[in-house]
Amino acid sequence: MPLWLFDALLATGLVALAWQSLHAADLFKAIVLFIAFGLLMALAWVRLDATDIALAEAAIGAGLTGALLLDALGHVAGEPKKAGITGVDHPDHVPEERADAPHDDRLAFGRPERTVLGALVLAATAGLGVVVWQLPADPPGLRDVVLEVLDEHPVANAATAVLIDFRAYDTFLEMGVLALAAIGALLLVARRLRVPRAEPPARGSVILDVLARLLVPLMLVVAGYLLWAGTAASGGAFPAGAMLGAAGVLLYLAEIGRRFVVDGPPARLVLALGLIAFLLAGGLAVALGRPFLDWGEGWTYAAILAIEAVLTLSIGGTLALLYAASAKLPPEEDEGEVEDLEDEVERAASPAAGGGR
Amino acid sequence: MSGDPLSVVVYALAAVALTGVAVYGLAVRTHLLRRLIAINILSTAVFLLLVTIARRAPGGVPDPVPHAMVLTGIVVAISATAFALVLTRRIFDVTGSSLLTDDEGGEGSH
Amino acid sequence: MILVDLATVALLLASALFFLAGTLGLLRFPDSFSRLHALTKADNLGLGLLIAGLALQAESLAVVIKLVLVWLLAMLVSSCSAYLVARHALRTVPER
């Protein structure tokens, strides 16, 4: 049985899942199919010898993205009227039920436009297919250059070496992107979190609690292993960080981590940790007379491992924070507890309050 | 593992097909969540294409530079998706709808 | 050695059959509870057979132990998530 047959089946499954997740009628089903798509993608990565990517895709692409999407679905699938109860809107604008606000998941165009659009996309895709087919079988790449340098490099895993050593600048800026996304998310929801959260109602389940307590230590160990093994075999900071983030999300769901205030100094420190690590290490290199982010001889292994460890913490913390910051607050908590910025401003400005909080 | 050039071609064609599916879905569906799914599928298709090109380097060992780029890309994709989801929730809170249509949305725009 | 290979093939085929049965149940059963029933039971047994077939091919005891750990973890998580799904279905589906 030739192996390409398996690959062909896998590829067909991928395309079919992608189509279904975009066109299935029920949104919940669509998201679940998307998660399945992510898992099959992990298999495809393994078949293409990209094991680090497979680990990262399974944890981040399938797991965390799916969890985020499902959470958002829970939020937007409710009736629009509920939006007024949570008190997060501008006080004198309550969104009344708009008669023309579409609530069902529609298609943007009618049948004839869609056919034309489909034909256009099909033609473009066929063109792309022709281009891909004609790609040279011997692509000029940086592989030989990298492998040559890799021989004397203390790190054996090529992807890790490329990420943290040869192209450390890219990873540095990527930490910036991650932090920016989290800051943006926090900016949009921070109003809800100004009041420290009361003890959440016990809507969680004992089973989830026990599962979290059993699994999280295991996940921490696996994350540590992935980090350590990343220098020699598959692994590295990103899969390890993803595992940490998943552990954080599990803690959050099991309501063990709900007592953490999401927008406090420790959270902000976690967000900035990745950038700080790179800046410190790069600055240290400059102080020692080398170019920015250039690890010196003898220092490379230690520098890479140290940076990877900090990156793991930062990535894991930021991912968990992204989930917690965008997760839906249960309605019972909101009533009477959340204050709007406007209320605070009014109170602070009102002379009767004496200007103090 | 899969040094078989036919396998690699299969995945490259799958990447092209996924691109088409994602672009069509992005153009035609109006629900914001589905659009985010389409964007994610599009990113995955591009990553797949990058890695298949990397795999084709002769000698059996794949090119590690595209691998690193794809790893970076996955993290960037989830950052963008998470932020976009928060935006989606706020759009829903403010306008009461989670669809993005061409109808004039004068009410919801500030 | 050929006997071991034959045993592995037999176990893998049996496991594939169980997974197929579980998926069929998922597709054809009418409501959440019966689907959960088919899925978790058949898939757990399928996974166990799969691990057994792979363990026969393992090179060392360490690999066998890792495989068994994978199996235990998968069983733990799948049973917990089945419970959670059933609990949610019980709360949201009106009593019949």
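Further up the page is the structure itself.
Residues numbered from 1 in each chain as written. Chains lettered and ligands numbered in written order. Predicted model: local features only at pLDDT ≥ 70, side-chain atom pairs only at ≥ 80, totals over all residues. Heavy atoms only, no water.

A separate point is the overall build of chain C. The helix and strand tally for chain C stands at three helices and zero strands. Along chain C, helices and strands appear, N-terminal first, in the series α-α-α. Its C-alpha atoms give chain C a radius of gyration of 16 Å, clearly above 12 Å, the size a compact globule of 96 residues would have. Considering only C-alpha atoms, chain C reaches an extent of 55 × 25 × 10 Å along its principal axes. (Helix = DSSP H or I, 4+ residues; strand = E, 2+ residues; numbered from the N terminus. Rg over C-alpha atoms; globule rule 2.2 N^0.38 Å.)

Residues and elements named next belong to chain A. Along the chain, Leu226 falls in helix H8 (residues 206–229). Exposure remark for Leu226: the relative accessible area of 9% places this residue in the buried category. Taking the C-alpha atoms as reference points, Leu226 and Gly236, separated by ten residues in sequence, lie 5.9 Å from one another. Ignoring anything within four residues of it in the chain, the contact list for Leu226 reads Leu55, Ser234, Gly235, Gly236, Pro239 and Ala240. (Buried < 20%, exposed > 50% of the residue type's maximum accessible area, 1.4 Å probe, protein only. Contact = heavy atoms within 4.5 Å.)

A word on the interface of chain A and chain B. Counting from both sides, the interface comprises 101 residues of chain A and, opposite them, 81 residues of chain B. Between chain A and chain B, the buried area comes to about 8,400 Å², and carbon and sulfur atoms account for 73% of it. Summed over the shared surface of chain A and chain B, the result is two salt bridges. Close ionic contact of Arg55 of chain B with Asp49 of chain A constitutes a salt bridge, the shortest N to O distance being 2.9 Å. The tally of links between chain A and chain B comes to 15 residue pairs in polar contact (both at pLDDT 80 or more). Listed by contribution, the elements that provide at least two residues to the side of chain A that touches chain B are helix H1 (3–23), helix H2 (27–47), helix H3 (51–76), helix H4 (111–133), helix H5 (143–150), helix H6 (158–166), helix H7 (168–189) and helix H11 (300–326) of chain A. Per-element tally for the side of chain A that touches chain B: the top contributor is H3 of chain A, with 14 residues. (Buried area = accessible area lost by both parts, 1.4 Å probe. Salt bridge = Lys/Arg side-chain N within 4 Å of Asp/Glu carboxyl O. Polar contact = N/O pair within 3.5 Å; in protein donor to acceptor, adjacent residues only side chain to side chain.)

Residue-level contacts link eight residues of chain C with nine residues of chain A. Between chain C and chain A lies a buried interface of about 650 Å² when both sides are counted; carbon and sulfur atoms form 84% of it. Our count for the chain C to chain A interface comes out at zero salt bridges. Seen at the junction of chain C and chain A, the total is zero residue pairs in polar contact (both at pLDDT 80 or more). When the residues that make up the side of chain C that touches chain A are grouped by side-chain class, the tally is six nonpolar, no polar and two charged. (Nonpolar A, V, L, I, M, F, W, Y, C, P; charged D, E, K, R; others polar.)

A few words now on the packing of aromatic side chains. Residue and element names in this part refer to chain A. Going through the model one piece at a time under the given rule, you end up with six aromatic pairs over all chains. The interplanar angle of 45° and the centroid separation of 5.7 Å between the aromatic rings of Phe172 and Phe278 together place this pair among those described as tilted. Pair noted here: Phe172 is in helix H7 and Phe278 is in helix H10 (residues 265–287), with a separation of 106 residues, a long-range link. Since its relative accessible area comes to 10%, Phe172 is described here as buried. (Phe/Tyr/Trp six-rings, centres within 6.5 Å; stacked < 30°, edge-to-face > 60°.)

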